[in-house]
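One letter stands for each residue in the lines below.
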Amino acid sequence: MIHVLALIVTRPGLRSQVLDLFKANCPAVLAEDGCIEYQATIDAAGMPTGKGTLGEDTFVVVEKWESLAALQAHAASPHMAAYGQETKEMVASRTIHVLEPV
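Procedures and definitions
- Residues numbered from 1 in each chain as written.
- Predicted model: local features only at pLDDT ≥ 70, side-chain atom pairs only at ≥ 80, totals over all residues.
- Heavy atoms only, no water.
- Salt bridge = Lys/Arg side-chain N within 4 Å of Asp/Glu carboxyl O.
- Helix = DSSP H or I, 4+ residues; strand = E, 2+ residues; numbered from the N terminus.
- Buried < 20%, exposed > 50% of the residue type's maximum accessible area, 1.4 Å probe, protein only.
- Arc of directions from axis to C-beta.
- Contact = heavy atoms within 4.5 Å.
- Patch = residues over 30% accessible without salt bridge, like charges linked within 9 Å, V, L, I, M, F, W, Y side chains within 5 Å.
- Areas by Shrake-Rupley, 256 points an atom, 1.4 Å probe, with all protein chains shown as cover.
- Core = buried A, V, L, I, M, F, W, Y, C linked by side-chain atoms within 4.5 Å.

S.K.: Can you explain the pattern of salt bridges? Please cite residues and give values.
M.R.: Scanning the entire structure with this criterion turns up 1 salt bridge. Ionic pairing is found between Lys-64 and Glu-37, a salt bridge with its closest N-O pair at 3.8 Å. A residue pair is termed long-range when its members are at least 10 positions apart, and Lys-64 in strand S3 (residues 58-65) and Glu-37 in strand S2 (residues 35-41) qualify at 27 residues. Its relative accessible area of 27% is what places Lys-64 among the partly exposed residues.

Below is the structure:
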């Protein structure tokens, strides 16, 4: 199994717009072969701002894939290319961690 944590920082004030596009893309991703989990997460409500919080312009995508091949197919899919184009000007940075269980 492959785990992915994708840290997405949007340009100021644009997180909700990017999340709307993310949510619209989710059904296509969840229908992909090998996709186990794919969801966006934000700071829990009520968390005080500090070192452990992401802030108003950041979200983390939590993913699980059956295999590295499934993840690679996902990355090359037409709907992910379209999502990337739609959000390109709204995203300030993207850091993707690809992990496996020990």
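S.K.: Summarise helix H3 (residues 78-87); cite the residues concerned and give the values.
M.R.: All buried positions along H3 are accounted for by Met-80, Tyr-83 and Thr-87. Down the axis of H3, the buried side of the element spans an arc of 60°, and every buried residue falls inside it. Residues of H3 that are exposed and point over 90 degrees away from its buried face: Pro-78 and Gln-85. In this fold, the buried residues of H3 make contact with helix H1 (15-30), S2, S3, helix H2 (68-75) and strand S4 (91-99).

S.K.: Report on a nonpolar patch on the surface, specifying residues and quantitative values.
M.R.: Nonpolar side chains collect at one region of the surface, where Leu-68, Ile-96 and Val-98 lie side by side and expose about 260 Å² of accessible area between them. Secondary-structure assignment places Leu-68 in helix H2. Since its relative accessible area comes to 42%, Leu-68 is described here as partly exposed.

S.K.: So what's going on with the nonpolar core? Which residues, and what values?
M.R.: Within soluble globular proteins, side chains that are nonpolar generally end up buried alongside one another. Counting 20 residues, the largest nonpolar core has Tyr-38, Phe-59, Val-61 and Trp-65 as the members making the most contacts within it. Considering every element that reaches this core, the biggest residue donor is H1, with 5 residues. Once residues lying within four places of it in the same chain are set aside, the contact partners of Val-61 are Val-4, Leu-5, Ala-6, Ile-8, Phe-22, Tyr-38, Gln-39 and Ala-40.

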